Amino acid sequence: MHEILIIGTGYVGLVSGTCFAENGFKVCCLDVNQEKISRLKNGECPIFEPGLVEMLKRNIEAKRLSFTTEYKEAVKRASICIIAVDTPIGLDGSCDLSRVKTVALELAKHMNEYKVIVNKSTVPCGTGQLVKALIQESLEKQGKTCSFDVVSNPEFLKEGSAINDFMRPDRVIIGCESARAESVMKDLYRPFMFSHDRMFFMDIASSELSKYAANTMLAMRISYMNWMAELCEKTGANIHNVRKAIGSDKRIGYSFLWAGCGYGGSCLPKDVKALRATIQNNQISTKLLDAIDEINQNAKARVVEKITQYYSERGGIEGKTFAILGLSFKPDTDDCREAPSLSIIKSLLDARAKIRAYDPIAIENAKIYLTGLEITWCSNVDECVESSHAIVLVTEWKEFRFFDFEKIQKNMQGNAFFDGRNQYDPIDVAKQGFDYISIGQNPAFSALEHDFIKPTVTVYEQ
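As the structure is a computational prediction, the values presented were derived from the model and not from experiment. (Residues numbered from 1 in each chain as written. Predicted model: local features only at pLDDT ≥ 70, side-chain atom pairs only at ≥ 80, totals over all residues. Heavy atoms only, no water.)

1. Re the overall build of the chain
Secondary structure assignment for the chain yields 17 helices and 14 strands. Its C-alpha atoms give the chain a radius of gyration of 25 Å, within 12% of the compact-globule value 23 Å for 462 residues. Each principal axis of the C-alpha atoms in the chain carries an extent, and together these give about 80 × 55 × 45 Å. Burial statistics for the chain: of 462 residues in total, 52% are counted as buried. In the chain, once contacts between residues fewer than 6 apart in sequence are set aside, the share between residues at least 24 apart is 70%. Surface accessibility of the chain: about 21600 Å² in total, with carbon and sulfur atoms responsible for 50%. A distance of 4 Å separates the average location of the 56 positive side-chain charges in the chain from that of its 60 negative side-chain charges. (Helix = DSSP H or I, 4+ residues; strand = E, 2+ residues; numbered from the N terminus. Rg over C-alpha atoms; globule rule 2.2 N^0.38 Å. Buried < 20%, exposed > 50% of the residue type's maximum accessible area, 1.4 Å probe, protein only. Contact = heavy atoms within 4.5 Å. Areas by Shrake-Rupley, 256 points an atom, 1.4 Å probe, with all protein chains shown as cover. Lys, Arg positive; Asp, Glu negative; His and termini not counted. Charge placed at Lys NZ, Arg CZ, Asp CG, Glu CD.)

Encoded structure:
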């Protein structure tokens, strides 16, 4: 059986390595961060992903999974070397390949026989050829004649369900140039293909582009629905009804059709920007991607606009206390990169509001992104809403789906509920004494003070 070396113990590398080990492969994960490797050797998982820590410990104990900071022996033992390092966005929006290049040169330095070099990092078209050229040039300088193949194998893992995505993939994309490399990759993924064979072999460039194409399509669907949601608010339509109507069309489907306060995370924002840079380099219009990104930024800002409008007749935002529920960019992860909560909190603080914040998992990561800001960090929902004037629901964690509204309101100074994820029925919440403002549907004010708000409708004369 092949021995596998994974370079990079971030989200992709750690999940991939642990899942390969779970299926019987001997896996070594390498990272230059000594502290991280020391923690991993002790079974400490540096990221939150449901089920990962248990699987990690199980495979360390079974001696199928090990960790190192040294290339030399790890490269010599492995027949498959998987690059899974970060590819952050540069100042110009392009993909920073410096870490990928560094890994390629380290592999060339220690190669002693045929290797399959698999690029699992998200990279633009042409990276496979770049890696191949770097390794070949380095081998020639060293006087080595080792043969190797470079393969593209993009990941399609969703944070919060990454283990299931890896163990039961709906597709595995392989870009390669030789029958030998194809055979190795079939061996690698055979344990994951028992129920269905969904491996697609193609050229390297197409494989590299498929990752960007998929994530940009998903980002486009989210932004499209947020664009529609704004129109719904202007016309009195309901985004939930629109979603049901278009999602029932088999050509469209229901996935990624939820309106809200915008997408975030490590993939969609970064990949939209990186694809835009690639498109610009090829002299193609970027208008579609520009619109996707602009609508997403507006979706985050619109939550604060709704809050500002609501309080314009109630003494303004200054001095008001807001309970922010949810800090991660999505539920079931501690990832706060590009999370809507960050921009919402900063905007409210700029307006001299007070912030109380709670998240089941992501508070420590959120503190890193919000360092130096005056925020009261809370350990549960009840503590978070205490003495607040309004609730702002930003992340749709399961524990936020069923509130005891009567209990919550007793501890609040106000009765506003701004739902950035449309988790509740407006009228139901209003009947329980709250002013409920959400995305793409009519707000409903507490029956204690108002009738339900009437929409502003634009009428076009014939």
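Picking up where we left off.
2. Remarks on the packing of helix α5 (residues 98-110) against helix α6 (residues 127-142)
With their axes 9 Å apart at the nearest point, α5 and α6 run at an angle of 35 degrees to one another. In terms of crossing hand, the pair formed by α5 and α6 is right-handed. Packed against α5, whose contacting residues are Val100, Lys101, Ala104, Leu105, Ala108 and Lys109, the element α6 presents Thr127, Leu130, Val131, Leu134, Ile135, Ser138, Leu139 and Gln142 at the interface. Each residue belonging to the contact of α5 with α6 can be placed in one class, and the counts come to nine nonpolar, three polar and two charged. (Axes fitted to C-alpha atoms, helices over the stretch in contact; angles between N-to-C directions. Left-handed = near helix turned anticlockwise from the far one by under 90°. Nonpolar A, V, L, I, M, F, W, Y, C, P; charged D, E, K, R; others polar.)

3. Let's talk about the sheet that holds strand β12 (residues 390-393)
Taken in spatial order, the six strands of this open sheet run β11-β10-β9-β12-β13-β14, and their pairing is parallel. The sheet is open, and its two borders are formed by β11 (375-377) and β14 (435-437), each paired with just one other strand. Ignoring which end each strand starts from, the neighbouring axes of this sheet average 20 degrees apart. Relative to β12, strand β9 (residues 321-325) is paired through four bridges, and the arrangement is parallel. From the neighbouring strand, leucine 325 faces β12, where its bridge partner is leucine 393. Here helix α12 (residues 287-311) sits on the sheet and contacts β9, β12, β13 (416-419) and β14; the angle it forms with β13, its principal contact strand, is near 160 degrees. (Pairing = 2+ DSSP bridges.)

4. A few points about the environment of valine 12
Considering the arrangement of structural elements, one finds valine 12 in helix α1 (residues 11-22). In sequence terms valine 12 and proline 154 are 142 residues apart; their C-alpha atoms lie 9.9 Å from each other. Other than its neighbours up to four places away in sequence, valine 12 contacts Ala84, Lys120 and Glu155.

5. What to know about the pattern of salt bridges
By the definition in use, this model includes 21 salt bridges. For the salt bridge of glutamate 22 with arginine 58, the shortest nitrogen-to-oxygen distance reads 3.0 Å. Within this pair, whereas glutamate 22 is found in helix α1, its partner arginine 58 is found in helix α3 (residues 52-61), the two being separated by 36 residues in sequence. Using a relative accessible area of 25% as the deciding quantity, one classes glutamate 22 as partly exposed. Look at the salt bridges and you will find they share partners, linking Glu233, Arg302 and Lys306 into a network. (Salt bridge = Lys/Arg side-chain N within 4 Å of Asp/Glu carboxyl O.)

6. Considerations on α3
Within α3, burial applies to Leu52, Met55, Leu56 and Asn59. Each buried residue of α3 lies within a common arc of 105 degrees when the element is viewed along its axis, so the set occupies one face. Contacts from the buried residues of α3 go to α1, α2 (34-41), β3 (65-68) and α7 (162-167). One or two positions beyond α3, positive phi appears at lysine 63, with a value near 65 degrees. (Arc of directions from axis to C-beta.)

7. Quick look at the environment of phenylalanine 200
In this fold, phenylalanine 200 is placed in strand β8 (residues 199-202). Not counting the four nearest positions on each side in its chain, phenylalanine 200 is found in contact with Arg171, Val172, Ile173 and Ile174.

8. Quick notes on the packing of helix α9 (residues 204-235) against helix α10 (residues 239-247)
Following both chains from N to C, one finds α9 and α10 inclined at 130 degrees, their axes separated by 9 Å at the closest point. By the angle class used here, α9 and α10 are oblique. The chirality of how α9 crosses α10 is right-handed. In this structure, α9 contributes Met225, Met228, Ala229 and Cys232 to the contact, and α10 contributes Ile239, Val242, Arg243 and Ile246. A per-class count over the contact of α9 with α10 returns seven nonpolar, no polar and one charged. (Parallel < 35°, antiparallel > 145°, perpendicular 65-115°, else oblique.)

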